[in-house]
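Fold and contact review
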Amino acid sequence: MRVFWFLLLTMVVVVTAVTLAVIGGGGSAVLQDVEAQRFTDPLPTTRPVGRADIEALRLPMAARGYRMADVDEALSRLGAELAERDSRIAELESALAGAQAAAVTRGGELFEQPGDRPAGPRAQDRDGADHLGKDER
């Protein structure tokens, strides 16, 4: 019976000590307010977002996960960057398709260099004189 009372008394003392430690001994506020973390390293606004920016991104923690405003801001910025890049890619792909179509209709002249054309058996210079082509000399 003495062991029971000893354990009960010990448990009451431990619970009281923990409670007083949490509330600060009664002389101060219950718990000190911790300054809220802020989004200290936002994504760059003066240049496009790169892979290193995303890897270095650290969102501040809140009581129940991440701060929604900071997450929304980061996702909004990333969405805008991706939309801009998708638009630029589509623009460049359409320009490339147009250039390729023009090259096909012109017989490939678009990508030829001046020296790429094979010389015929006879070539004429500006004076109209016939000369042998490069291959036949």
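Residues numbered from 1 in each chain as written. Predicted model: local features only at pLDDT ≥ 70, side-chain atom pairs only at ≥ 80, totals over all residues. Heavy atoms only, no water.

Scanning the protein from terminus to terminus reveals three helices and four strands. Mapped in sequence order, the helices and strands of the protein form the string α-α-β-β-α-β-β. Counting the 137 residues in the protein, one finds 9% classified as buried. Split by element, the accessible area of the protein, about 11,900 Å² in all, is 60% carbon and sulfur. (Helix = DSSP H or I, 4+ residues; strand = E, 2+ residues; numbered from the N terminus. Buried < 20%, exposed > 50% of the residue type's maximum accessible area, 1.4 Å probe, protein only. Areas by Shrake-Rupley, 256 points an atom, 1.4 Å probe, with all protein chains shown as cover.)

The next subject is the packing of aromatic side chains. For the structure shown, the criterion picks out one aromatic pair. Relative to Trp5, the ring of Phe4 has its centre 5.5 Å away and its plane inclined at 70 degrees; by these criteria the two rings are edge-to-face. (Phe/Tyr/Trp six-rings, centres within 6.5 Å; stacked < 30°, edge-to-face > 60°.)

Within this structure, the stated rule accounts for six salt bridges. Between Asp53 and Arg47 there is a salt bridge, with its nearest N and O atoms 2.8 Å apart. Asp53 gets classed as buried once you look at its relative accessible area, which sits at 16%. Between Arg67 and Asp70 there is a salt bridge, with its nearest N and O atoms 3.5 Å apart. (Salt bridge = Lys/Arg side-chain N within 4 Å of Asp/Glu carboxyl O.)

Right, let's talk about helix H3 (residues 68–105) for a bit. Helical geometry: 3.6 residues make up each α-helical turn, so side chains three or four residues apart lie on a common side. Between its terminal C-alpha atoms H3 stretches 55 Å, which fits the 56 Å expected from 38 residues at 1.5 Å a residue. Of the positions making up H3, those classed as buried are Asp70, Ala74, Arg77, Glu81 and Ala103. Gly107 occupies a position one or two residues after H3 and carries a positive phi of about 80 degrees. (Expected span 1.5 Å × (residues − 1).)

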